[in-house]
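For reference, the chains in residue letters:
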There are 2 protein chains.
Amino acid sequence: MPRYTDLSTAELQQELETLQREYEAIKAKGLALNMARGKPSSAQLDLSRPMLGVLGEDSDLADEEGVDCGNYGGLTGIAEARRLLAVMLNDNPENVIAVGSSSLTLMYDAISRMMMFGTGGHTPWNRLETVKWLCPSPGYDRHFAICELFGMELIPVPLTDEGPDMEVVEALVAADDAIKGIWCVPQYSNPTGITYSDEVVGRLAAMECAAPDFRIFWDNAYSVHHLSADPTEQDHVADIAAACRKAGNPDRYLKFASTSKVTFPGAGIAGLATGENNYAETVKAMGIQMVGPDKLNQLRHGRFLPAEEALSKHMAKHAALLAPKFQLVDTKLANALTGVVDCEWSHPRGGYFISFEAPKGTAKRIVSLAKEAGVQLTGAGATWPYGNDPKDSNIRIAPSMPPLEELDAALDVFVTCVKLAAAQVELAARD
Amino acid sequence: MPRYTDLSTAELQQELETLQREYEAIKAKGLALNMARGKPSSAQLDLSRPMLGVLGEDSDLADEEGVDCGNYGGLTGIAEARRLLAVMLNDNPENVIAVGSSSLTLMYDAISRMMMFGTGGHTPWNRLETVKWLCPSPGYDRHFAICELFGMELIPVPLTDEGPDMEVVEALVAADDAIKGIWCVPQYSNPTGITYSDEVVGRLAAMECAAPDFRIFWDNAYSVHHLSADPTEQDHVADIAAACRKAGNPDRYLKFASTSKVTFPGAGIAGLATGENNYAETVKAMGIQMVGPDKLNQLRHGRFLPAEEALSKHMAKHAALLAPKFQLVDTKLANALTGVVDCEWSHPRGGYFISFEAPKGTAKRIVSLAKEAGVQLTGAGATWPYGNDPKDSNIRIAPSMPPLEELDAALDVFVTCVKLAAAQVELAARD
């Protein structure tokens with residue numbers, strides 16, 4: 001099949017009719033498949049089942065420093081948990097605050113505190129007329145949702161293969177002191193899978209900001225989530241903490257990570273690493289908000305993954321389950337779409353997503369067609385602030401959850417929907 | 001020994017010298033005992049050890065509705081957890097939001113949301129000149145600390161044996177729309193151990209408030225924490241939810257509870273039950289703050305304590321460990337102080353504290369003397385807003401943590417310090 005844009009209108013009309021028949025046949029199957037969210041599969045969860053047996057009725061519940069993990073206290077987390085999260089955060093355990101399951105909650109709470117109390121001794125953000133936030137796009141919808149809830153103005157910034165477009169970022173932050181922060185998923189970015197270059201990391205750390213309380217929210221969600229156990233096939237982003245210290249901005253960053261996609265989503269542990277002043281501010285308010293984290297679950301994690309090697313071995317098992325799914329997506333898209341539809345997609349070396357760039361003006365239509373045919377995708381536009389993808393072209397594919405055979409079936413639906421939408425849009429353009 | 005106030009100055013002087021010798025002898029022992037915080041003892045924690053074995057490597061991780069507790073989702077908690085917490089909250093499971101370990105965090109987060117976003121469609125509290133909060137005193141220092149952090153003005157209200165002095169409360173809330181809420185520990189109050197009367201519950205629910213967004217923060221921390229398994233020896237506070245609905249104020253209350261003193265402090269589960277509109281507001285913001293709670297730990301709790309009977313039996317075991325400690329405090333105080341020092345103390349039927357009223361102007365001195373002699377007590381004044389006990393008389397005794405023999409030794413120190421401080425103050429008054 002030649003490229004749709006090269007077909008005559010009659011040929012394209014015929015192709016559209018074929019596609020419509022195919023689509024109706026798919027709909028008739030009554031499928032119920034899901035490629036919407038970055039959930040690990042059952043097989044991945046099973047990898048961490050041994051952790052559930054780590055603590056039993058007769059276990060020693062003291063951490064390595066002798067603290068009884070069953071009782072109150074220990075606001076910043078036990079040594080074992082801080083050490084494990086320090087590996088994921090590429091930082092020192094003493095800079096890590098280890099909490100319960102959710103890094104998203106750590107991010108929300110950090111923004112909430114800065115809104116209410118300010119940071120670094122500056123005016124609390126809720127007393128300002130406007131608070132703006134930079135959103136490299138496509139990006140993560142849950143990040144954007146936090147800023148929206150707090151009434152911020154979200155500014156999309158182009159995300160290149162090297163990270164946010166730094167020309168744009170530098171010009172914006174230098175000119176406007178209402179811009180208080182930026183979201184970053186610096187390694188295996190959600191959804192494009194890119195990893196920030198060393199240059200981008202350095203420029204983010206060193207750039208001149210009009211706001212003295214500008215903060216980089218560094219969500220290193222996929223820091224150890226490679227698709228290959230071979231180090232030469234892995235990305236490793238540079239350390240934002242070292243870069244910020246070097247640039248004389250030691251409190252500019254807050255790093256986040258969690259074991260949600262290492263052990264159990266929702267029942268993992270999460271961590272924050274940040275500069276000295278941010279750390280002190282955080283602990284001060286956290287000490288009012290809670291007595292301490294779930295230390296028993298931290299102990300489970302620390303004993304299950306006691307060192308960096310254990311973590312690497314464990315992540316290699318995840319990779320072995322995930323890599324074939326990413327490979328399948330790539331193969332199916334290439335076979336069905338290359339040379340036929342003007343589109344492209346990412347080829348990440350880690351993370352949980354493939355970012356698909358459909359022909360302009362077709363993303364919403366594709367997602368809606370897929371839904372009608374029983375395949376749930378992430379909502380079109382979700383990867384942009386306010387759900388507003390200006391080209392209506394980006395779709396996030398999340399292949400981790402369905403078993404391979406279901407993923408295969410879902411991808412058949414997907415490519416049919418892509419072709420159908422592309423043919424419809426191409427024909428409409430010729431009217 | 002007759003009452004100090006009845007002694008001649010010479011006799012009192014002699015008694016003081018005796019006490020000082022006793023005190024020096026105690027100091028020489030180099031004790032390190034703690035009656036400061038309401039922590040369960042090791043023996044109490046051991047009661048919940050079987051729960052740690054509930055989930056092992058091969059366990060079914062689906063809740064009773066078939067939800068995989070190992071994966072993402074389920075914002076309001078699993079059915080088993082909501083049901084268990086509903087018993088503690090005296091409410092229906094469908095009104096309960098079940099989260100991770102900390103009810104304190106639920107309270108902090110609720111206040112944080114009302115500050116940022118307002119409640120019931122009213123102006124966010126952070127946009128108001130002043131926000132005031134009623135603090136029945138003596139009360140819980142961690143409650144007061146939340147309000148202080150958010151810059152509220154704390155107003156102490158007398159706590160009677162029936163609950164807050166309602167004449168005072170009603171006059172205040174009717175006159176001032178800056179008063180947005182009240183802290184309540186309605187059953188086995190921290191620290192006085194009293195339980196609100198039905199009349200007080202009804203008046204709190206029905207009183208006219210100048211602020212339409214006035215909220216009762218109902219921290220039912222000790223709802224099942226009786227010191228006797230005999231129902232006739234237990235307090236049971238009336239339901240604030242029913243009272244508020246009946247009075248036409250269905251969104252006035254937020255109820256809180258946790259299993260921190262049922263299973264493991266810090267590794268328990270916590271719940272919020274509230275009216276329809278508050279519930280919807282809470283879930284809306286929580287859905288941005290997190291994907292869902294630790295459902296595996298909820299499953300452990302639900303399987304360990306599957307019904308109200310199991311909970312009652314479990315709490316009876318706690319009571320059997322706690323009651324002798326409360327008895328010991330009462331006996332030791334009575335033997336040493338009755339008829340000698342003008343003081344009184346509470347005789348609670350549940351909860352974690354005994355509230356001690358020392359002679360006016362001696363509490364700080366007693367706590368400081370005890371500390372110097374190696375016995376840590378809750379800071380004097382901690383039970384009042386801003387740490388300011390106007391009579392400097394209230395001391396919170398927390399007998400749960402130390403083993404009986406250590407508690408015995410700590411109480412010997414305590415009563416000596418009380419007598420010493422009382423004799424000093426009485427002598428000084430005669431100067």
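Residue indices follow the written sequence of each chain, beginning from 1 at its first position. Chain letters start at A and ligand numbers start at 1, both assigned in the order the entries are written. Local features are withheld for residues below a pLDDT of 70 in this predicted model, meaning they are given only at 70 or higher, and side-chain atom pairs are given and counted only at 80 or more; totals for whole chains, interfaces and linings count all residues. As a rule here, side-chain values cover all heavy atoms of the structure and leave hydrogens and water aside.

Student: So what about the sheet that holds strand S13 (residues 394–397) of chain A? Which residues, and what values?
Tutor: Residues and elements named next belong to chain A. Reading across the sheet, the 3 strands line up as S10-S11-S13 and stay open at both edges, with antiparallel pairing between neighbours. The sheet is open, and its two edges are formed by strand S10 (344–345) and S13, each paired on a single side. Relative to strand S11 (residues 354–357), S10 runs antiparallel, the two sharing 2 bridges. Within S11, the position partnered with Trp 345 by the bridge is Phe 356. Any two strands between which DSSP finds at least two bridges are classified as paired. Secondary structure elements follow DSSP: runs of H or I no shorter than four residues count as helices, runs of E no shorter than two count as strands, and numbering proceeds from the N terminus.

Student: Any chance you could break down the relation of the copies chain A and chain B for me, citing the residues and the numbers?
Tutor: Copies are brought into register by a least-squares superposition over C-alpha atoms of residues with pLDDT of at least 70 in both. The transformation that overlays chain A on chain B combines an axial shift of 0.0 Å with a rotation of 180 degrees, and the residual RMSD is 0.0 Å. Look at the turn and shift together and you get a two-fold axis relating the two.

Student: Give a detailed account of helix H7 (residues 166–175) of chain A, specifying residues and quantitative values.
Tutor: All names here are of chain A. Exposed residues in this analysis have more than 50% of their type's maximum accessible area, buried residues have under 20%, and partly exposed residues fall in between, with area computed by a 1.4 Å probe over protein chains only. Of the positions making up H7, those classed as buried are Met 166, Val 169 and Val 173. For H7, the angular spread of buried residues about the axis comes to 60 degrees, placing them on one side. Residues of H7 that are exposed and angled more than 90 degrees away from the buried face: Glu 167 and Ala 175. It only takes one pair of heavy atoms within 4.5 Å for two residues to be counted as in contact. Looking at the buried residues of H7, the elements they touch are strand S3 (132–137), strand S4 (153–160), strand S5 (163–164), strand S6 (179–184) and helix H8 (198–206). Identification of polar contacts relies on pairs of N or O atoms within 3.5 Å, with a donor-acceptor requirement for protein atoms, meaning one able to donate a hydrogen and the other able to accept it, and with residues adjacent in sequence counted only if both atoms are side-chain atoms. Measuring from the side-chain oxygen of the N-cap residue of H7 to the backbone nitrogen of Glu 167 gives 3.1 Å; that N-cap residue is Asp 165. Directions from the helix axis toward the C-beta atoms define the arc.

Student: Lay out the pattern of salt bridges with the relevant residues and their values.
Tutor: By definition here, a salt bridge exists when the distance from a side-chain nitrogen of Lys or Arg to a carboxyl oxygen of Asp or Glu is within 4 Å. Tallying each qualifying case throughout the model produces 34 salt bridges over all chains. For Lys332(A), the salt bridge identified is with Asp408(A), shortest N-O distance 3.2 Å. On the criterion of sequence distance, the pair formed by Lys332(A) in helix H12 (residues 308–337) and Asp408(A) in helix H14 (residues 404–430) is long-range, its members being 76 residues apart. A salt bridge links Arg203(B) to Glu199(B), with the nearest nitrogen and oxygen atoms 2.8 Å apart. With Arg203(B) and Glu199(B) both in helix H8 (residues 198–206) and 4 residues apart, this pair spans about one turn of that helix. Under the relative-accessibility criterion, Arg203(B) is labelled partly exposed at 22%. Several salt bridges converge on common partners, so that one network encompasses Glu167(A), Glu170(A), Glu199(A) and Arg203(A).

Student: I'd like a description of the interface of chain A and chain B, backed by residues and values.
Tutor: Between chain A and chain B, the contact holds 54 residues from the first and 54 residues from the second. Taken together, both faces of the contact between chain A and chain B bury some 4600 Å²; the carbon and sulfur share is 58%. Between the two partners, chain A and chain B, sit 0 salt bridges. Taken together, the links from chain A to chain B amount to 13 residue pairs in polar contact (both at pLDDT 80 or more). Listed by contribution, the elements that provide at least two residues to the side of chain A that touches chain B are helix H3 (49–52), helix H5 (103–117), helix H6 (141–149), helix H10 (276–289) and helix H11 (295–304) of chain A. Here the side of chain A that touches chain B takes 9 residues from H5(A), the largest share from any one element. Three classes are used: nonpolar for Ala, Val, Leu, Ile, Met, Phe, Trp, Tyr, Cys and Pro, charged for Asp, Glu, Lys and Arg, and polar for all others, with Gly counted as polar. Looking at side-chain class alone, the side of chain A that touches chain B contains 26 nonpolar, 17 polar and 11 charged residues. Buried area, as used here, totals the accessible surface that two parts lose on assembly, with accessibility defined by a 1.4 Å probe and the loss added over both.

Student: If you had to explain the sheet that holds strand S13 (residues 394–397) of chain B to someone new, which residues and values would you point to?
Tutor: All names here are of chain B. If you trace the 3 strands from one edge of the open sheet to the other, you get S10-S11-S13, paired in antiparallel fashion. Across the chains shown, the open sheet's two edge strands, defined by having one partner strand only, are strand S10 (344–345) and S13. As defined by bridge partners, strand S11 (residues 354–357) adjoins S13 across 4 bridges and the pair is classed as antiparallel. Looking across to S13, one finds that Ser 355 is bridged to Arg 396. Here an axis means a line fitted to C-alpha atoms, over the contact stretch when the element is a helix, while the angle between two N-to-C directions is reported on a 0 to 180 degree scale. Strand contacts of helix H12 (residues 308–337): S10, S11 and S13, with the helix running at about 15 degrees to S11, the strand carrying the most contacts.

Student: Give me the nonpolar core: which residues, what numbers.
Tutor: Within this scheme, the nonpolar core is defined by two criteria: the residues are buried Ala, Val, Leu, Ile, Met, Phe, Trp, Tyr or Cys, and they are joined through side-chain atoms within 4.5 Å. Counting residues in hydrophobic clusters, the biggest one holds 66 residues, and the most contacted among them are Ile111(A), Trp183(A), Phe217(A), Ile111(B), Trp183(B) and Phe217(B). Residue contacts for Ile111(A): discarding those within four places in its chain leaves Trp133(A), Ile146(A), Cys147(A), Phe150(A), Met152(A), Trp183(A) and Phe217(A). Judged by nonpolar contacts, the second largest core, of 56 residues, contains Met88(A), Leu296(A), Leu55(B) and Leu296(B).

Student: Requested: an account of the packing of helix H5 (residues 103–117) of chain B against helix H6 (residues 141–149) of chain B, with residues and values cited.
Tutor: To characterise two packed helices, one gives the angle between the axes of the helices and the distance between these axes. All names here are of chain B. Axis separation between H5 and H6 bottoms out at 10 Å; the angle between their running directions is 25 degrees. Here H6 runs roughly parallel to H5, going by the angle between their axes. Where H5 crosses over H6, the handedness of that crossing is right-handed. Together, Leu 104, Met 107, Tyr 108 and Ile 111 of H5 and Arg 142, His 143, Ile 146, Cys 147 and Leu 149 of H6 make up the contact between the two elements. The class makeup of the residues in the contact of H5 with H6 is 7 nonpolar, 1 polar and 1 charged. If an angle is under 35 degrees, it is roughly parallel; if it is over 145, roughly antiparallel; if it lies from 65 to 115, roughly perpendicular; otherwise it is oblique. Should the near helix be turned anticlockwise from the far one by less than a right angle, the crossing is termed left-handed; should it be turned clockwise, right-handed.

Student: Can you explain the side chain of Ser346(B)? Please cite residues and give values.
Tutor: All names here are of chain B. Relative to the elements of secondary structure, Ser 346 occurs in the loop between S10 and S11. The exposure class of Ser 346 is buried, given its relative accessible area of 15%. From its side chain, Ser 346 meets the backbone nitrogen of Ser 355 in a polar contact 2.8 Å long. Beyond its immediate stretch of four places on either side in the chain, Ser 346 contacts Pro 191, Thr 192, Phe 353, Ile 354 and Ser 355.

Student: If you had to explain the pairing of strand S7 (residues 215–219) of chain A to someone new, which residues and values would you point to?
Tutor: Residue and element names in this part refer to chain A. For S7, a buried count of 5 out of 5 residues is recorded, marking the element as mostly surrounded by other parts of the structure. Residues Arg 215, Phe 217 and Asp 219 point to one face of S7 and Ile 216 and Trp 218 to the other, with burial holding for every one of them. As defined by bridge partners, S6 adjoins S7 across 4 bridges and the pair is classed as parallel. What sits directly across from Cys 184, in S7, is Trp 218. Chirality of the crossover, the property in question, places the unit of S6, H8 and S7 among those that are right-handed. Convention used here: a crossover is right-handed provided that the path from the first strand, over the helix, to the second strand proceeds clockwise when the strands point away from the viewer.

Student: Which residues make up the packing of H5(A) against helix H10 (residues 276–289) of chain B, and what values go with them?
Tutor: Packing of H5(A) against H10(B) brings their axes to within 8 Å, and their N-to-C directions diverge by 110 degrees. By the angle between their directions, the pair H5(A) and H10(B) is classed as roughly perpendicular. Along its contact with H5(A), which presents Leu104(A), Thr105(A), Tyr108(A) and Asp109(A), the element H10(B) presents Ala285(B), Ile288(B) and Gln289(B). Its residues assigned to classes, the contact of H5(A) with H10(B) shows 4 nonpolar, 2 polar and 1 charged.

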